[in-house]
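# Understanding the architecture of this molecule
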Protein chains: 2
Amino acid sequence: MHRSMKAKIVITPKKAVLDPQGKTVQNALIHMGYAGFGAVHVGKYIEVELAGADPQAVRQQIDDACRKILSNPVIEDYRFEIE
Amino acid sequence: MHRSMKAKIVITPKKAVLDPQGKTVQNALIHMGYAGFGAVHVGKYIEVELAGADPQAVRQQIDDACRKILSNPVIEDYRFEIE
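Below, the structure is looked at part by part.

Analysis parameters
Residues numbered from 1 in each chain as written. Chains lettered and ligands numbered in written order. Predicted model: local features only at pLDDT ≥ 70, side-chain atom pairs only at ≥ 80, totals over all residues. Heavy atoms only, no water. Least-squares fit on C-alpha atoms with pLDDT ≥ 70 in both. Contact = heavy atoms within 4.5 Å. Buried area = accessible area lost by both parts, 1.4 Å probe. Salt bridge = Lys/Arg side-chain N within 4 Å of Asp/Glu carboxyl O. Polar contact = N/O pair within 3.5 Å; in protein donor to acceptor, adjacent residues only side chain to side chain. Helix = DSSP H or I, 4+ residues; strand = E, 2+ residues; numbered from the N terminus. Nonpolar A, V, L, I, M, F, W, Y, C, P; charged D, E, K, R; others polar. Pairing = 2+ DSSP bridges. Axes fitted to C-alpha atoms, helices over the stretch in contact; angles between N-to-C directions. Buried < 20%, exposed > 50% of the residue type's maximum accessible area, 1.4 Å probe, protein only. Lys, Arg positive; Asp, Glu negative; His and termini not counted.

## Observations concerning the relation of the copies chain A and chain B
Between chain A and chain B, the superposition needs a rotation of 180° and an axial shift of 0.0 Å, giving an RMSD of 0.0 Å. On the angle and the small slide along the axis, the relation comes out as a two-fold axis. Across chain A, the rotation axis passes nearest the C-alpha of lysine 44 of chain A, at a separation of 2.3 Å. A high fraction, 100%, of the interface residues of chain A reappear at the interface in chain B, so the copies pair face to face through one surface.

Written out as structure tokens, the structure is:
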């Protein structure tokens, strides 16, 4: 079957890594008067349109691309879903 | 109930808006030899830890924060889920 798929990739800083952007957003929210908001983590979201026919092969390719170019595995985690 | 919740927010450029970052990532993927990848859209992912007790109130606050500070509604769309 040759239906169009889409990969939705989320890349976040690892928990142990400083997240200054998240800290800044958290401070901004507090100063804007939002109560009840705790820690904020800021990451990237990447959507890739896929033409491949084989979900298994596509999944492999996306994982490969995430590890090699889309994320920095030293400081970031990634996860994705294909739909 | 006072369990801890988390808001997962995805902010993406509107379809009609140029996405040079997405285009650049797409070109990089093509040059790295990944076939079958189509258009790429790059956005932001924000995770907010929540202490509030009332999911309905929290949802309202997150929506408000998304519209007012986390996204630029002129050029970006946002969506979120709370879990």
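## Side note on the interface of chain A and chain B
Where interface size is quoted, it is often the accessible area lost as the parts come together. If you look at the interface, chain A gives 34 residues, while chain B gives 34 residues. Both sides of the chain A and chain B interface together cover about 2,800 Å² of buried area, and 59% of this is carbon and sulfur. Seen at the junction of chain A and chain B, the total is 4 salt bridges. With a shortest N-O distance of 3.9 Å, glutamate 47 of chain A and arginine 79 of chain B are connected by a salt bridge. Counting across the interface, chain A meets chain B through 18 residue pairs in polar contact (both at pLDDT 80 or more). Broken down by secondary-structure element, the contributors of at least two residues to the side of chain A that touches chain B are strand E1 (5–13), helix H1 (20–31), strand E2 (37–50) and helix H2 (55–70) of chain A. For the side of chain A that touches chain B, the element with the most residues is E2 of chain A, which contributes 14 residues. Residue classes in the side of chain A that touches chain B are distributed as 19 nonpolar, 7 polar and 8 charged. Judged from the 11 bridges that link them, E2 of chain A and strand E2 (residues 37–50) of chain B form a sheet pairing that is antiparallel. Note that in E2 of chain B the partner of valine 48 of chain A across the bridge is valine 40 of chain B.

## Some words on the sheet that holds strand E1 (residues 5–13) of chain B
Strand order in this open sheet of 6 strands is E3(A)-E1(A)-E2(A)-E2(B)-E1(B)-E3(B), and the pairing throughout is antiparallel. Of all strands in the sheet, those bounded by a partner on one side alone are strand E3 (76–82) of chain A together with strand E3 (76–82) of chain B. Mean inter-strand twist for the sheet, computed between neighbouring axes without regard to direction, equals 25°. As judged from the 7 bridges shared by E1 of chain B and E2 of chain B, these two strands associate in the antiparallel manner. Pairing of isoleucine 9 of chain B across the sheet is with isoleucine 46 of chain B, part of E2 of chain B.

## Examining the pattern of salt bridges
All chains considered together, the criterion is met by 18 salt bridges over all chains. For aspartate 63 of chain B, the salt bridge identified is with arginine 67 of chain B, shortest N-O distance 3.1 Å. Of this pair, aspartate 63 of chain B and arginine 67 of chain B both sit in helix H2 (residues 55–70), 4 residues apart, which is roughly one turn of the helix. Salt bridges sharing common partners tie together Lys6 and Glu47 of chain A together with Lys15 and Arg79 of chain B.

## Structural notes on the side chain of aspartate 19 of chain A
Residues and elements named next belong to chain A. Among the secondary structure elements, aspartate 19 is positioned in the loop between E1 and H1. Despite being buried, aspartate 19 has no salt bridge partner; lysine 15 is the closest side chain of opposite charge, sitting 7.9 Å away. Apart from residues lying up to four places away in sequence, aspartate 19 is in contact with Pro13, Val40, His41 and Val42.

## Side note on the side chain of histidine 41 of chain B
Mapping histidine 41 of chain B onto the fold places it in strand E2. At a separation of 3.3 Å, a polar atom in the side chain of histidine 41 of chain B contacts the side chain of glutamate 49 of chain A.

Remember that the coordinates give geometry; whether it matters functionally is a separate question.
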